[in-house]
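Residue-level structure breakdown
Take a look at the letters that make up each chain.
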Amino acid sequence: NGSINRIELNRIKESQEKAIVKLTKRFVDQMEEMELYSVELTLGGIQAISGVKYKKLTQLDLKSVNLGDEGALAFGACMRETKSLQLVRIHDCNISDEGLQAILGNACLLRELELGTLGQFHVGAAAACCKLLHQTEHMKKISLIGQEPSLDACITGMGVALQKNSSLEILTLRNLNLQTKDTFELAGGIKVNSNLKELNLSETTLGHIGIKEMGRALRKNMGIKKLVIFGDFLNHVGLSSISRACKFNTSLRDFTITCNGMTGQAFDALQHSILFNISLDELEIVEYGEQEYEIDDHLLGNYKRRRMV
């Protein structure tokens, strides 16, 4: 069959390496998408797969693949040589700081990049990520997803990079615990980046000061159409800034907020601000605490999508 354009390799053992390499080379001219999930390959196998000159490859997914630095270098070179590549996702691949720099340094032609739970994301890789934002003219979406403090290092300097980036439209920072300094920098970049259309901060803890700064940024940035935000034990002061942003940001079409322990006063301020916003089409409010709220009947009105939990 000479028409296969997508290959998914799931839970492949090292003993099957030769067959996998042969298969990859067989369809190198047709292949458009490749996904490696929980694949056990030797360095030679990784180099053989990444060393092939793909002509049509647009999407590469690496999940739970023990790449190591040498493997990361090989795939970095593959990204540089494959001009058609637009989307790369890398999760849980045991890559050190040096390996990540090799991948990020060759990502300037990508349109979408997703990095998550990488284990070693420190100063060098963080600087490379910010440099990528400075240099790229093609990147439309960046997602950083982490469960370890090391990913937070990438936020340092990202605010400045966002101020100069003219292509990014979607920014996802999920499951991070941002420090106050990081939030100030990030909000400063979001405030002036008019190209940004979607900001997803789900499961990312901002704190009261972070929520306040993000609200100020969203009042200035009238380009964002979709906002996903998360907060623990938000009080009236912490949420009032976001409420005012929802009230006056006429570009906002889709708003999701997930909270734990939002006070009744904070909820009242939020719902009245939302009611004031005539541009909002989709609304989702999720509260995990035991607080009871009085919901205005008008809040249950004419949204294309509404979910309140």
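A quick note: this is a predicted structure, and the numbers were derived from the prediction, not measured. (Residues numbered from 1 in each chain as written. Predicted model: local features only at pLDDT ≥ 70, side-chain atom pairs only at ≥ 80, totals over all residues. Heavy atoms only, no water.)

**Things to note about the pairing of strand 5 (residues 112-116)**
- Along strand 5, five of the five residues are buried, which leaves the element largely enclosed by surrounding structure.
- A two-sided burial pattern is seen for strand 5, the buried positions comprising Glu112, Glu114 and Gly116 on one face and Leu113 and Leu115 on the other.
- Both strand 4 (residues 87-91) and strand 5 contribute to a ladder of five bridges, which runs parallel. Bridging from a neighbouring strand, arginine 89 pairs with glutamate 114 of strand 5.
- A crossover links strand 4 with its parallel partner strand 5, the connecting element being helix 4 (residues 97-104), and its sense is right-handed. (Buried < 20%, exposed > 50% of the residue type's maximum accessible area, 1.4 Å probe, protein only. Helix = DSSP H or I, 4+ residues; strand = E, 2+ residues; numbered from the N terminus. Pairing = 2+ DSSP bridges. Right-handed = clockwise from strand over helix to strand, strands pointing away.)

**Brief notes about the packing of aromatic side chains**
- Applying the stated criterion across every chain, the model contains one aromatic pair.
- Considering the side-chain rings of phenylalanine 248 and phenylalanine 276, the 6.1 Å spacing of their centres and the 65 degrees angle between planes classify their relative orientation as edge-to-face. Of this pair, phenylalanine 248 sits in helix 9 (residues 236-248) while phenylalanine 276 sits in helix 10 (residues 264-276), and the two are 28 residues apart along the sequence.
- Accessibility expressed as a relative area gives 45% for phenylalanine 248, which makes it partly exposed.
- Given the relative accessible area of 49%, phenylalanine 276 is considered partly exposed.
- The positively charged end of arginine 26 is found above the aromatic ring belonging to phenylalanine 27, 5.0 Å away from the centroid. (Phe/Tyr/Trp six-rings, centres within 6.5 Å; stacked < 30°, edge-to-face > 60°. Lys NZ or Arg CZ within 6 Å of the ring centre and 35° of its normal.)

**Re the confidence of the model for the protein chain**
- Averaged over every residue, the pLDDT of the protein chain is 80; the share at 70 or more is 87%.
- Mean pLDDT across the secondary structure elements of the protein chain bottoms out at strand 12 (residues 305-308), with 63, and peaks at strand 8 (residues 198-200), with 92. (pLDDT = per-residue confidence, 0-100.)

**Some words on the pattern of salt bridges**
- The final tally for this structure, using the stated rule, is 11 salt bridges.
- For glutamate 114, the salt bridge goes to arginine 89, with nearest N and O atoms at 3.8 Å. Of this pair, glutamate 114 sits in strand 5 while arginine 89 sits in strand 4, and the two are 25 residues apart along the sequence.
- On the basis of relative accessible area, glutamate 114 is assigned to the buried category, the value being 15%.
- Ionic pairing is found between lysine 141 and glutamate 112, a salt bridge with its closest N-O pair at 3.8 Å. (Salt bridge = Lys/Arg side-chain N within 4 Å of Asp/Glu carboxyl O.)

**Examining the packing of helix 2 (residues 43-50) against helix 3 (residues 68-81)**
- Running from N to C, helix 2 and helix 3 point in directions that differ by 5 degrees, and their axes come no closer than 9 Å. Judged on the interaxial angle alone, helix 3 and helix 2 are roughly parallel. Residues Leu43, Ile46, Gln47 and Ser50 of helix 2 pack against Glu70, Gly71, Ala74, Phe75 and Cys78 of helix 3.
- Its residues assigned to classes, the contact of helix 2 with helix 3 comprises five nonpolar, three polar and one charged. (Axes fitted to C-alpha atoms, helices over the stretch in contact; angles between N-to-C directions. Parallel < 35°, antiparallel > 145°, perpendicular 65-115°, else oblique. Contact = heavy atoms within 4.5 Å. Nonpolar A, V, L, I, M, F, W, Y, C, P; charged D, E, K, R; others polar.)

**Quick notes on the environment of valine 88**
- Note on placement: valine 88 falls in strand 4.
- Between the alpha carbons of valine 88 and methionine 34 there is a distance of 9.9 Å; along the sequence they are 54 residues apart.

**Description of the pairing of strand 6 (residues 141-145)**
- Burial of strand 6 is extensive: four of the five residues sit out of reach of the surface.
- Of the pairings in the sheet, the one linking strand 5 to strand 6 comprises five bridges and is parallel in character. What sits directly across from glutamate 112, in strand 6, is lysine 141.
- Bridging between strand 6 and strand 7 (residues 170-174) involves five bridges; their strand directions are parallel.

**Details of the environment of leucine 67**
- Its location among the elements puts leucine 67 in the loop between strand 3 (59-63) and helix 3.
- Each C-alpha atom of the pair leucine 67 and isoleucine 46 lies 7.6 Å from the other, and the pair is 21 residues apart in sequence.
- Not counting residues up to four positions away in its chain, the partners in contact with leucine 67 are Ile46, Leu62, Ala72, Phe75, Cys93 and Ile95.

**So, helix 7 (residues 180-192)**
- The end-to-end C-alpha separation of helix 7 is 19 Å, in line with the 18 Å expected for 13 residues at 1.5 Å each.
- Taken together, the buried positions of helix 7 are Asp182, Thr183, Leu186, Ala187, Gly189 and Ile190. End-on, the buried residues of helix 7 take up no more than an arc of 165 degrees, which puts them together on one face. (Expected span 1.5 Å × (residues − 1). Arc of directions from axis to C-beta.)

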